[in-house]
Every structure is written in C-alpha cells, then in structure tokens.
Amino acid sequence: MKILVTAKRVEDPESKIKVKPDGSGIVQEGLKYKINPFDEIGVEEGLRLVAKHGGEVVVVSIGGKEVQEQLRHALAMGATRAVWVNHTGPLDQMGVAGLLQKVAEKEKPDLVILGKQAIDDDQNQVGQYLAEFLGWGQATFASKVESLESEQEKNKVPALQMGADNKSVRVVREVDNGLATLECALPAVVTTDLRLNLPRYASLPGIMKAKSKPIEELTPAKLSVDVTPKVQVLKMASPPPRKAGIKVPDVATLVDKLRNEAKVV
Amino acid sequence: MLQGYGLYLEEHEAFRRTVRAVVEKELKPFASQWEEQEEFPRELFTRFGELGFLGLKYPEVHGGSNAGELYEAVLLEEMGRCGSGGVAAGLGAQHTIATGPLHKFGTEEQKQRFLAPAIRGEKIGALGITEPNGGSDVAGLRTTARRDGDHYVVNGSKTYITNGVRADFVVLAVKTNPDAGHKGLSLLVVEKGTPGFSVGRKLKKLGWRASDTGELFFEDCRVPAANLLGGLEGQGFYQIMGNFQWERLSLALGALGAMAEMLEVVMAHVKDRRAFGHALHEFQVVRHRIAELATDFEAARQLTYHALRLHVGGEYAIAQTSMAKKVATETACRVADACLQLHGGAGYMMEYDIQRHWRDARLGPIGGGTSEIMNEIIAKQLGL
Ligand SMILES: Cc1cc2nc3c(=O)[nH]c(=O)nc-3n(C[C@H](O)[C@H](O)[C@H](O)COP(=O)(O)OP(=O)(O)OC[C@H]3O[C@@H](n4cnc5c(N)ncnc54)[C@H](O)[C@@H]3O)c2cc1C
Ligand SMILES: Cc1cc2nc3c(=O)[nH]c(=O)nc-3n(C[C@H](O)[C@H](O)[C@H](O)COP(=O)(O)OP(=O)(O)OC[C@H]3O[C@@H](n4cnc5c(N)ncnc54)[C@H](O)[C@@H]3O)c2cc1C
C-alpha cells in the first residue's frame with residue numbers, strides 16, 4: 001500500500017517564543033525548528049503499516065528550502081521518498097489542504113496520514129478540509145486501545161487495522177468520553193492523536209540512507225493551486241502572564257472560593 | 001553561523017538530534033536517581049548497543065556502522081549533557097577505551113569474541129592500566145604475566161578501573177618482561193570468572209558516582225595465551241598509546257557537552273532568581289561573568305575541534321590533543337565553579353544539578369592522564 005504522510009516544520013516547543021512588538025508575527029531569530037510531533041507520529045504509523053502490509057511511505061511538506069530538513073528527518077526514520085511543495089509566504093489551512101489534495105491526486109495513496117493539528121498554531125483543520133476536497137472518508141484523532149507501555153507498542157504493531165482485502169481501515173479515535181471505533185473505506189484521511197504510538201529515533205544508518213533518497217520539488221503553480229489566503233491574521237499577542245496563585249487554609253475555603261469568586265462550581 | 005563549525009556535516013547534526021532525543025528521554029530524567037544509587041541499569045549497555053551507539057566507528061563485520069569518529073565525537077558531546085558524568089563514563093569507557101585497542105590491535109578471533117558482543121552491549125568491557133602504586137607512569141606498572149605453556153600466569157592488582165566491578169572482560173596492561181621497561185608491556189584480555197581473578201569493592205567517589213569504579217586482583221590467574229592482544233608480546237605500550245589520543249579527545253569532548261549544559265542551567269537560574277529587587281541577570285556583573293564563561297567555553301571548543309580535525313584527518317596530533325584535553329577539562333572545572341557560585345546557597349545544595357556538574361568536572365584533569373602528564377607530553381613535543 002502507499003501512504004502519504006505530512007511533515008510540517010514547526011517551532012521547537014523547547015525554544016522561547018516571543019511575539020514581535022508590532023504583533024505581525026513571532027520573532028524568528030534564534031528559534032529552533034523540528035517536525036510537528038503529530039506528523040512524526042504519522043510517519044511512525046505509516047512505517048509500521050508498510051512493515052506489515054508492504055508498500056511505501058511518501059512524505060510531503062510545504063514551505064521554503066528549510067523544510068527539506070524535516071523531510072530528511074522523515075526519510076531517515078524510514079520513509080521511501082519525499083515531495084517538497086516549494087512555497088514561501090502566507091498560507092492558510094485551505095491553501096494547505098488544496099495543495100495536499102493535488103499531491104494526493106497525483107500520488108494516489110491508499111491512506112493520507114496527517115497530525116490532528118500542528119503545534120505552532122493549533123488549527124486542527126487541514127485533515128478535515130483535505131478529506132472533503134478529495135471526497136474521501138476521514139477518521140480524526142486516531143489513537144489506540146493499548147497503552148504506550150504495552151507489548152504491542154514495544155513490538156511496533158500498527159494501531160490502524162486494515163480490513164481483510166485492504167479495502168478499509170479500522171481506526172480507534174479519541175473522543176471526549178472515551179474511545180470510538182470507526183471503519184473507513186479506502187482511500188481515506190486519518191489524523192493522529194498523541195497516544196497513537198511512540199515514534200522511533202532516526203537511526204544512523206537511516207540518516208545515511210536518507211542522504212540519497214529523492215525529494216521531488218513541486219510548486220503551487222505546477223499544481224495549479226491558488227493559495228491566496230482566505231484567512232488573514234490581524235494581530236498576534238502573548239497571553240497575559242499568569243497571576244500568582246493563593247494558598248487556602250482548608251477545603252471549605254477552597255470550595256467557597258470556587259463557588260463565589262471563580263464561580264466554577 | 002558556520003554549519004557545524006566547519007567540522008560537522010548536516011548528517012552529523014541529524015545524528016546529534018537523535019542522540020539528544022535519547023539523552024532527553026532515556027537518560028536525563030533518571031540521572032539524579034542513578035547517581036544516588038551509585039549505579040545505572042546494565043540494560044543501558046544493550047540499549048546503546050541496539051541504538052548502534054557502541055559501534056559507530058567500528059566495521060560492519062563486527063556489528064558496527066563504520067561511520068567514523070566524528071559521529072562518536074557527536075555522541076560524546078551530547079552524553080556530556082546527560083547530567084550524570086557516571087553514566088557518560090560507564091558507557092563511554094565501553095566504546096572508547098575498552099574496545100578501542102581491541103579494534104585497532106586485536107586478532108580477528110579476539111574481535112569476534114570480545115569486540116562484537118561489546119558493540120551489541122551484551123558484554124561490558126573495561127581497560128585496566130592504573131595500579132595502586134601509580135597510574136601516570138605507565139612504563140613502571142608492576143602487574144606481571146609469566147608465560148607458562150599456552151597460558152599466561154597473571155599476578156598483581158589494578159585500581160580506579162571504570163566498569164571494573166561489572167566488566168565481563170578487562171583489557172589488562174601487564175608486564176610480560178618485567179625488566180624491559182615500556183618494551184616489556186603487553187595487553188591481555190582477561191575474562192570475568194577466570195580463576196585467580198577477583199574484583200574488590202566498588203569505590204566511593206567524589207563524582208562520576210553512577211559509574212562503577214573498581215579494584216581488580218590477580219593471583220596466579222591463568223589466562224589463555226590466545227587472549228594476548230594481537231598475539232604480540234611487548235607491544236602493550238604502543239597499543240595503549242595508540243588509543244590514548246582518542247581517549248583524551250573523548251574527555252575533552254565530554255567536557256564541552258558538560259559546559260554547554262552548565263551554561264544552560266545557570267542561564268535559567270539567573271533569569272529566574274531575584275535579589276535586591278532584580279532578576280540576577282539584570283546585574284551587569286552577572287551578565288559579564290556569564291559572557292566570560294561562554295568565551296572560555298568557546299576557546300576550549302575551538303582548541304578541541306582543532307585537535308579533532310587534525311586527528312580525523314589522519315594526523316598523530318599528540319601535542320594539540322594533549323593541549324585540548326588539558327584546556328577543555330580545566331575550563332570545565334572553572335565554569336562549573338563559577339556556575340555554582342552564581343547559584344548562591346542553592347549551588348551548595350544536593351537538590352540542585354549544578355553541584356553534580358561541579359563534582360563530575362573535577363575528574364577531567366585527572367583521568368586519562370593528568371594535566372601534569374599532558375604538560376610532560378607537550379614539553380617533549382616542544383623538544384624540551
Ligand atoms: C573515576 C576514575 C576512573 C578511572 N578509570 C580508569 C580506567 O578505566 N582505567 C584505568 O586504567 N585507569 C582509570 N583511572 C585512573 C586514572 O587514569 C589515574 O588516576 C590517572 O592517570 C592518575 O594516576 P594516579 O592516580 O596513579 O596518580 P599519580 O600517578 O599518583 O599522580 C599523583 C600526582 O602526581 C603528578 N605526577 C605524576 N607523575 C608526574 C610527573 N612525572 N611530573 C609531574 N607530576 C607528576 C600527577 O599529575 C598527579 O597530580 C580512573 C581514575 C578515576 C579517578
Ligand atoms: C551550608 C549553608 C549554611 C548556611 N547557613 C546559614 C545560616 O545559618 N543562617 C542564614 O541566615 N543563612 C545561612 N546560609 C545562607 C547563605 O548565607 C546564603 O546562601 C548566601 O548569603 C547567599 O545568598 P543566596 O543563597 O540567597 O544567593 P543569591 O542571593 O540568590 O545569590 C546568587 C548569586 O547572585 C549573586 N548576587 C546576588 N546579588 C547580587 C548583586 N547585587 N550584584 C551581583 N551579584 C549578586 C550572588 O553573589 C550569587 O553569586 C547558609 C548557606 C549554606 C549553603
């Protein structure tokens with residue numbers, strides 16, 4: 001089977017994020033970047049699926065030249081090849097989904113795996129748009145029943161289960177009140193939640209092999225996608241700093257404060 | 001900025017990210033606990049074997065990845081950041097000093113028996129040179145190995161041996177000809193469980209506490225002659241020296257990693273801690289102090305990278321390597337001391353990490369040849 005996985009370049013959550021004084025964006029100097037952790041989980045799931053069922057993982061990223069670093073990371077983890085959509089400048093979620101739609105139509109994967117969101121602006125939209133644009137089924141927030149300490153996880157068993165004739169996929173989803181199981185006809189779009197798997201490290205042999213794996217360059221123009229954003233970011237601001245907490249002498253005071261001051265119970 | 005200081009390539013940096021992830025997830029959270037227990041789990045050897053970290057520079061036929069010493073340099077730097085000098089030392093001894101001589105000088109049969117399982121992390125190795133009577137004077141060692149048929153009979157003792165208590169094999173420096181000075185030295189691989197070989201107590205140390213540092217005793221211990229490294233008598237001194245360059249570079253590289261970590265720790269502290277109504281870093285004297293430390297660190301890094309560049313370029317850069325070892329490890333001690341000072345009373349408390357860096361750093365100018373011995377070597381290279 002063929003699996004298309006996204007690999008967005010995002011700010012490393014370990015670096016200190018500062019908003020520019022004029023609110024036009026964040027200060028980029030000195031920042032470190034990495035692959036969106038949810039995408040990394042997607043790559044891992046893709047690799048486990050092809051280890052079990054055969055096939056290839058194709059990884060795709062949109063951005064300037066620097067996103068090749070994230071593509072190489074996914075290739076070092078074990079993806080077969082990469083697609084780089086060369087684009088700098090503003091892009092909204094529909095623009096991303098539009099580009100991915102064209103890449104998917106070109107690649108014809110059985111499954112597209114994306115992160116449920118990217119940790120930079122936490123939109124949680126692209127997978128859903130993409131499924132709609134393609135007219136495919138979708139299963140968002142893919143998780144699993146087994147814990148991340150389980151034997152299955154240690155043995156790198158894929159959490160997504162293929163139907164008998166590889167025509168459908170069974171996905172356990174994280175929902176507010178527990179886990180829901182969906183069966184989805186292929187091709188389909190799946191987005192990953194945090195507890196789907198523990199991604200492997202890029203091994204040294206993997207890093208060496210990644211050097212010679214192909215990265216195909218595309219552009220919005222080549223894909224005939226108009227990426228003019230429909231959403232405009234007006235202003236960015238840091239959240240107000242958290243006020244210091246208070247200590248309460250006993251539970252009664254706590255309940256009183258929750259009820260009468262915070263008005264939450 | 002110059003990518004990788006004009007030394008490391010993109011793939012080295014990619015490997016650095018992998019090592020850093022391993023260090024952050026699998027080592028750092030447990031560093032304090034292991035240091036307190038004065039031991040780290042034996043499984044870390046097999047885990048590192050599985051990750052391929054123990055055979056980066058060794059050939060594929062022995063289970064290595066034949067990737068070269070720069071990858072090991074990356075590993076050593078990043079391990080310097082793990083927060084436990086003992087863990088870095090125990091695992092580092094495996095891939096630097098214990099297996100180095102086996103790879104360079106061992107017979108194929110010895111490599112299959114010792115190097116390959118050490119690369120997989122199944123056998124723990126140690127290098128035994130230092131003796132109770134002295135370690136600096138390698139030519140003056142007293143442990144003897146007398147040939148008797150197809151065995152050597154070993155008598156003597158070793159001390160301060162990293163991985164000594166747990167080691168499955170020790171690459172042991174012995175005198176096969178006690179009258180021949182450094183020409184009488186040989187290396188002999190002695191396996192755990194050989195009758196006459198016993199291990200003493202685990203030594204209590206100022207730092208590097210999670211590593212096991214042991215005393216080894218040999219009493220009429222019969223070791224098969226097939227275990228003579230490379231099958232050659234009298235080559236021990238050259239075999240030891242042959243790996244010393246890398247051992248010294250490894251200590252310098254570990255010191256670089258430790259300094260990077262200490263500076264990160266102290267920066268967080270001075271931004272967080274307030275005195276006289278200001279965060280500490282708002283005092284110019286504090287900022288300048290840290291600027292000086294960062295400058296010293298950078299200077300030590302440049303000398304180390306210079307020696308490393310010469311070394312991987314195939315030069316026997318003995319003076320530069322000795323200088324780098326001395327400068328990097330001594331700078332790390334000074335940086336640790338200043339960072340501890342910047343912590344105020346907290347720096348003296350065991351619950352803060354900086355005290356461990358301060359204790360761990362102190363080994364640098366002693367182990368793998370003292371600073372004084374480095375000066376001896378440098379002076380000799382100068383023709384004095
Ligand atoms: C934690 C730890 C781990 C170790 N791990 C190992 C290991 O795995 N394997 C191993 O073989 N050894 C190991 N060692 C031993 C280490 O290599 C020696 O301690 C070191 O080489 C110094 O030798 P020494 O202790 O005998 O000091 P000595 O030789 O007694 O030196 C004492 C002092 O005299 C100085 N001195 C000696 N000779 C001269 C000279 N000619 N001119 C000027 N000054 C001189 C020294 O610099 C030092 O300051 C370890 C030591 C420690 C502390
Ligand atoms: C073992 C031990 C026993 C102790 N016993 C006692 C005791 O019996 N009674 C007691 O009251 N205290 C005691 N102390 C506390 C000790 O006096 C303080 O730790 C010390 O005065 C430093 O204060 P601090 O820890 O708050 O450091 P901080 O004030 O946080 O200082 C941190 C660093 O910032 C520097 N710094 C602070 N202000 C400035 C400035 N304006 N300009 C430049 N640099 C600055 C300091 O020099 C230091 O390097 C003890 C401490 C220890 C470790």
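Residues numbered from 1 in each chain as written. Chains lettered and ligands numbered in written order. Predicted model: local features only at pLDDT ≥ 70, side-chain atom pairs only at ≥ 80, totals over all residues.

A. Fine view of the overall build of chain B. Of the regular secondary structure elements, chain B holds 12 helices and nine strands. Its C-alpha atoms give chain B a radius of gyration of 21 Å, near enough to 21 Å, the size a compact globule of 384 residues would have. The dimensions of chain B, computed from C-alpha atoms along their principal axes, are 80 × 40 × 40 Å. Residue burial in chain B is summarised as follows: out of 384 residues, 50% are buried. (Helix = DSSP H or I, 4+ residues; strand = E, 2+ residues; numbered from the N terminus. Rg over C-alpha atoms; globule rule 2.2 N^0.38 Å. Buried ≥ 20, exposed ≤ 12 C-beta atoms within 10 Å, placed from the backbone.)

B. Inspection of the overall build of chain A at higher detail. In terms of regular secondary structure, chain A is built from seven helices and 12 strands. Along the three orthogonal principal directions, the C-alpha set of chain A runs to about 60 × 45 × 40 Å. Every one of the 265 residues in chain A was classed for burial, and the buried ones make up 37%. Here the analysis covers contacts within chain A between residues at least 6 apart in sequence; of these, 73% occur between residues at least 24 apart. (Contact = placed C-beta atoms within 7 Å.)

C. Region of interest: the site of ligand 2. Residue and element names in this part refer to chain B. Surrounding ligand 2, one finds 13 residues, the nearest of these being Ala 275, Phe 283, Gly 344, Gly 345 and Tyr 348. Looking at the shell around ligand 2, the elements with two or more residues in it are α9 (284-312) and α10 (318-342). In the shell around ligand 2, the residues fall into nine nonpolar, three polar and one charged. (Near = placed C-beta within 6 Å. Nonpolar A, V, L, I, M, F, W, Y, C, P; charged D, E, K, R; others polar.)

D. Structural view of the site of ligand 1. Residues and elements named next belong to chain B. As a matter of local geometry, ligand 1 sits amid 24 residues, with Ile 129, Gly 135, Ser 136, Thr 370 and Glu 372 nearest to it. Looking at the shell around ligand 1, the elements with two or more residues in it are β1 (125-128), β3 (151-162) and α12 (371-382). Partitioning the shell around ligand 1 into residue classes produces 10 nonpolar, 11 polar and three charged. Here the shell around ligand 1 spans two domains, since at least three of its residues come from each of domain 2 (126-234) and domain 3 (238-382). (Domains from an automatic or database assignment.)

E. Focus on the interface of chain A and chain B. If you look at the interface, chain A gives 10 residues, while chain B gives 11 residues. Looking at the side of chain A that touches chain B, the elements that each hand over two or more residues are α2 (68-77) and α6 (204-210) of chain A. For the side of chain A that touches chain B, the leading source of residues is α6(A), giving four residues. Grouping the constituent residues of the side of chain A that touches chain B by class yields seven nonpolar, one polar and two charged.

F. Quick look at the UniProt feature "domain: Electron transfer flavoprotein alpha/beta-subunit N-terminal" (unreviewed entry) in chain A. The sites that UniProt annotates as "domain: Electron transfer flavoprotein alpha/beta-subunit N-terminal" (unreviewed entry) are residues 23-227 of chain A. Annotated as residues 23-227 of chain A, this span is 30% helix and 27% strand, and its ends, taken at the C-alpha atoms, are 23 Å apart. (UniProt positions renumbered as here; feature names shortened; annotations may be inferred.)

G. Here's a closer look at the environment of A:Gln138. Residue and element names in this part refer to chain A. Relative to the elements of secondary structure, Gln 138 occurs in strand β7 (residues 137-143). For the pair Gln 138 and Lys 2, spaced 136 residues apart in the sequence, the C-alpha separation amounts to 17 Å. Among all residues touching Gln 138, those that are not within four sequence positions of it are Gly 127, Gln 128, Ala 131, Ala 188 and Val 189.

H. Seen up close, the nonpolar core. If you look at the biggest cluster of nonpolar residues, it comprises 164 residues, and the most contacted ones within it are A:Val59, A:Ala74 and B:Leu188. Looking at which element gives the most residues to this core, the answer is helix α8 (residues 236-272) of chain B, with 14 residues. Setting aside its immediate chain neighbours within four residues, A:Ala74 contacts A:Ala7, A:Ile35, A:Val43, A:Val59, A:Ala79 and A:Ala82. (Core = buried A, V, L, I, M, F, W, Y, C linked by C-beta atoms within 7 Å.)

I. A look at the packing of α10(B) against α12(B). Residue and element names in this part refer to chain B. Running from N to C, α10 and α12 cross one another at 150 degrees; their axes reach a closest spacing of 9 Å. Comparing their axes, α12 and α10 come out roughly antiparallel. At the point where α10 passes α12, the crossing takes the left-handed sense. Note on element contacts: α12 touches α10 through Ser 371, Met 374, Ile 377, Ile 378 and Gln 381, opposite Ile 318, Ala 319, Ser 322, Met 323, Lys 325, Lys 326 and Glu 330. Taken together, the residues of the contact of α10 with α12 sort by class into six nonpolar, three polar and three charged. (Axes fitted to C-alpha atoms, helices over the stretch in contact; angles between N-to-C directions. Parallel < 35°, antiparallel > 145°, perpendicular 65-115°, else oblique. Left-handed = near helix turned anticlockwise from the far one by under 90°.)

J. Local environment of the UniProt feature "domain: Acyl-CoA oxidase/dehydrogenase middle" (unreviewed entry) in chain B. UniProt annotation of "domain: Acyl-CoA oxidase/dehydrogenase middle" (unreviewed entry) refers to residues 126-221 of chain B when read in the numbering used here. Secondary structure over residues 126-221 of chain B splits into 0% helix and 51% strand, and the C-alpha atoms at its two ends are 18 Å apart.

K. Structural detail: the domain arrangement of chain B. When its domains are assigned, chain B resolves into domain 1 (3-124), domain 2 (126-234) and domain 3 (238-382). Domain 2 of chain B puts nine residues into the contact, and the matching count from domain 3 of chain B is eight residues.

L. Structural context of the pairing of strand β6 (residues 111-115) of chain A. Residue and element names in this part refer to chain A. Within β6, five of the five residues are buried, which leaves it mostly tucked inside the rest of the structure. Burial of the side chains of β6 extends over both faces: Leu 111, Ile 113 and Gly 115 are buried on one face and Val 112 and Leu 114 on the other. Here three bridges tie strand β1 (residues 2-6) to β6, and the two strands are oriented parallel to one another. Of the residues in β6, the one forming a bridge with Ile 3 is Leu 111. Where β6 lies against strand β11 (residues 188-192), five bridges are found, and the strand directions are parallel. In the strand pairing of β11, Leu 114 is matched with Thr 191. (Pairing = 2+ DSSP bridges.)

M. Summary view of the pairing of strand β10 (residues 178-185) of chain A. Residue and element names in this part refer to chain A. Pairing geometry for strand β9 (residues 168-175) and β10, over eight bridges, is antiparallel. Bridge pairing in β10 places Val 171 opposite Leu 182. Connecting β9 to the antiparallel partner β10 that follows it, the hairpin turn spans two residues.

N. Quick look at the UniProt feature "domain: Acyl-CoA dehydrogenase/oxidase N-terminal" (unreviewed entry) in chain B. The sites that UniProt annotates as "domain: Acyl-CoA dehydrogenase/oxidase N-terminal" (unreviewed entry) are residues 10-122 of chain B. Taken end to end, residues 10-122 of chain B has its terminal C-alpha atoms 31 Å apart, with 68% of it in helix and 0% in strand.

O. Local environment of the packing of α8(B) against helix α11 (residues 354-361) of chain B. Residues and elements named next belong to chain B. The interhelical angle for the contact between α8 and α11, taken along N-to-C directions, is 155 degrees, at an axis separation of 10 Å. Taken together, the axes of α8 and α11 are roughly antiparallel relative to one another. Like other packed secondary-structure pairs, α8 and α11 cross with a definite hand, here left-handed. Residues Ala 258, Met 262 and Val 265 of α8 lie in contact with α11, whose contacting residues are Ile 354, His 357, Asp 360 and Ala 361. Looking at the contact of α8 with α11 residue by residue, the class counts come to five nonpolar, one polar and one charged.

P. Fine view of helix α3 (residues 93-107) of chain A. Residue and element names in this part refer to chain A. Helix length check: α3, at 15 residues, gives a terminal C-alpha distance of 21 Å against a target of 21 Å (1.5 Å per residue), a fit within 8%. For α3, the secondary structure elements touched by its buried residues are β1, β4 (56-63), β5 (81-86), β6 and α4 (126-134). Among the residues trailing α3, Lys 108 stands out with phi positive, at a value near 50 degrees. (Expected span 1.5 Å × (residues − 1).)

Q. Representation of α2(A). Among the 10 residues in α2(A), eight count as buried, and that is most of the element. A:Gly78 sits one or two residues past α2(A) and shows a positive phi near 140 degrees.

R. Up close: unusual backbone geometry. Cis peptide bonds are those with omega within 30 degrees of zero, and the linkage from A:Leu186 to A:Pro187 qualifies with -5 degrees. Along the chain, A:Pro187 falls in the loop between β10 and β11. For B:Glu38, which is not glycine, the phi dihedral falls at a positive 55 degrees. With respect to the helices, strands and loops of the structure, B:Glu38 is situated in the loop between α2 (31-37) and α3 (43-50). The exposure class assigned to B:Glu38 is partly exposed, which follows from the 17 C-beta atoms found within 10 Å. The phi torsion at B:Tyr160 lies on the positive side, around 60 degrees, for a residue other than glycine. Checked against the element boundaries, B:Tyr160 lands in strand β3. On the basis of neighbour counts, which here come to 18 C-beta atoms within 10 Å, the residue B:Tyr160 falls in the partly exposed class.

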